[in-house]
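A look at the structure
What follows is each chain in one-letter form.
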Amino acid sequence: KHDRTSPYMLLKWIIQIQNGKDMNGNLEGMICDWSKQHPFDVIYSRSIIWLKSRTRDNIEMIGSFVKHLETFWRDDLAWFKLGNLYDEEKEYDRASFSYEEAYALNPERNEYLTFAAKSRLNIKAETEKEKVENRNIAIKQLAKSVMMNAQDSLAWQLLINNTSNEAKKNKYIAYRNLVLKTKTD
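Residues numbered from 1 in each chain as written. Predicted model: local features only at pLDDT ≥ 70, side-chain atom pairs only at ≥ 80, totals over all residues. Heavy atoms only, no water.

1. Some words on the packing of helix α6 (residues 92–105) against helix α7 (residues 110–122)
Rules: Orientation is described by lines fitted to C-alpha atoms, with helices fitted over the stretch in contact, and by angles between N-to-C directions that extend from 0 to 180 degrees. Only DSSP runs of H or I covering at least 4 residues are called helices, and only runs of E covering at least 2 are called strands; the numbering of each starts at the N terminus. Geometric relationships in this document are graded by angle, where less than 35 degrees denotes roughly parallel, more than 145 denotes roughly antiparallel, 65 to 115 denotes roughly perpendicular, and other angles denote oblique. Take the far helix as your reference; a near helix turned counterclockwise from it by less than a right angle gives a left-handed crossing, and one turned clockwise gives a right-handed crossing. Residue contacts are counted whenever heavy atoms from the two residues lie within 4.5 Å of one another. Residues are grouped as follows: nonpolar covers Ala, Val, Leu, Ile, Met, Phe, Trp, Tyr, Cys and Pro; charged covers Asp, Glu, Lys and Arg; every other residue, Gly included, is treated as polar.
Relative orientation of the contacting elements α6 and α7 amounts to 160°, with a least axis distance of 8 Å. In terms of orientation, α6 lies roughly antiparallel with respect to α7. Note on packing geometry: the crossing formed by α6 with α7 is left-handed. For the pair α6 and α7, the contacting residues are Y92, A95, S96, Y99, E100, A102 and Y103 in the first and Y112, L113, F115, A116, S119, R120 and N122 in the second. Residue composition of the contact of α6 with α7, grouped by class: 9 nonpolar, 3 polar and 2 charged.

See below:
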């Protein structure tokens with residue numbers, strides 16, 4: 001019933017590869033060829049990234065995401081995944097930048113802010129001023145993140161752990177406990 005349309009064939013090939021039915025790598029080659037024929041279609045670009053993710057070489061994956069984002073720079077999920085890869089490679093400044101780009105493109109996703117803050121807190125600053133600046137930005141990001149989603153336990157924990165003002169810390173703890181109590185009631 002289905003003809004040989006691009007989306008149908010792509011889905012069929014990906015399922016076959018996922019199930020281990022691409023013994024000779026022919027299907028991967030076909031997906032790469034279709035991707036070249038449709039260079040401005042995000043689904044083909046994401047498919048190529050998915051194929052490369054099977055090798056799990058972070059450096060190669062970073063290159064694939066950077067190449068993808070040169071064309072599809074509005075892909076917030078790709079920015080987020082790039083941030084994850086930079087985090088794994090301990091490139092925290094680049095990770096933070098990637099997460100912040102993801103948030104700028106999709107400000108409804110508070111986890112982008114949480115991860116940006118987490119990466120900022122891990123940046124090895126050259127001066128005390130830089131360290132304080134990164135910490136202050138991270139705290140603001142975390143505060144905004146918990147305002148967007150009061151159930152984000154990672155954001156709460158990072159916010160509480162990195163707040164030096166005891167009065168604010170106690171206020172955050174009390175509010176978090178209230179929110180979590182309300183959640184379980």
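2. Let's talk about the pattern of salt bridges
Pairs may arise between side chains of opposite charge once their charged atoms sit close together. Our working definition: The term salt bridge refers to a side-chain nitrogen of Lys or Arg lying within 4 Å of a carboxyl oxygen of Asp or Glu. Residue burial is assigned from relative accessible area. The probe radius is 1.4 Å, only protein chains are included, and a residue is buried under 20% of its type maximum, exposed over 50%, and partly exposed in between.
A full pass over the atoms with the stated rule returns 3 salt bridges. The partner of E111 in a salt bridge is R109, and the shortest N-O contact between them spans 2.4 Å. Classification of E111 by relative accessible area gives partly exposed; the value is 21%. For R109, a relative accessible area of 33% corresponds to the partly exposed category.

3. Regarding the environment of W73
Within the fold, W73 resides in the loop between α4 (58–71) and α5 (76–88). Classification of W73 by relative accessible area gives partly exposed; the value is 46%. Counting along the chain gives 75 residues from W73 to M148, while the straight-line C-alpha distance between them is 25 Å. Discounting chain neighbours no more than four positions away, the residues touching W73 are W79 and L105.

4. Quick look at the layout of surface pockets
Using the following cut-off: Within this scheme a cavity is a closed region of a 1 Å grid, computed over the protein atoms alone, that accommodates a 1.4 Å probe without allowing it to escape, whereas a pocket is open but has protein on both sides within 12 Å along at least five of seven lines; lining residues each have an atom within 4 Å of a point. Grid points are joined across faces, edges and corners, and a volume is the space filled by probe spheres set on the points.
The space that makes up the largest pocket amounts to roughly 380 Å³. Together, 17 residues line the largest pocket, and S35, S45, I48, K67 and H68 are the ones closest to its centre. Every element with two or more residues in the lining of the largest pocket is listed here: α2 (26–37), α3 (42–53) and α4. Estimated volume of the second largest pocket: approximately 280 Å³. Forming the boundary of the second largest pocket are 15 residues, of which R46, I49, W50, F65 and K81 lie nearest the centre. Listed by contribution, the elements that provide at least two residues to the lining of the second largest pocket are α3, α4 and α5. Top contributing element to the lining of the second largest pocket by residue count: α5, with 6 residues. Of the residues belonging to the lining of the second largest pocket, the class tally is 7 nonpolar, 3 polar and 5 charged.

5. Details of the nonpolar core
The condition that has to hold: To define a nonpolar core, start from buried Ala, Val, Leu, Ile, Met, Phe, Trp, Tyr and Cys residues and group those joined through side-chain atoms within 4.5 Å.
F65 and L82 are the most contacted members of the largest nonpolar core, which has 18 residues in total. Taken together, the elements giving at least two residues each to this core come down to α4, α5, α6 and α7. In this structure, L82 is in contact with I62, F65, V66, L69 and S98, ignoring residues within four places of it in sequence. Residues A117, V146, L158 and Y172 belong to the second largest nonpolar core, which totals 11 residues.

6. Focus on the packing of aromatic side chains
Rules: We call Phe, Tyr and Trp rings a pair once their centres come within 6.5 Å, taking the six-membered ring for Trp, and we label the pair stacked below 30 degrees between planes, edge-to-face above 60, and tilted otherwise.
All chains considered together, the criterion is met by 6 aromatic pairs. For the ring pair W79 and F97, a centre distance of 6.0 Å and an interplane angle of 75° mean the geometry is edge-to-face. Taken as a pair, W79 in helix α5 and F97 in helix α6 lie far apart in primary sequence, 18 residues in all. When its relative accessible area of 12% is taken as the criterion, W79 is described as buried. Each member of the aromatic cluster is reached from another via a ring pair, and the members are F80, Y99, Y112 and F115.

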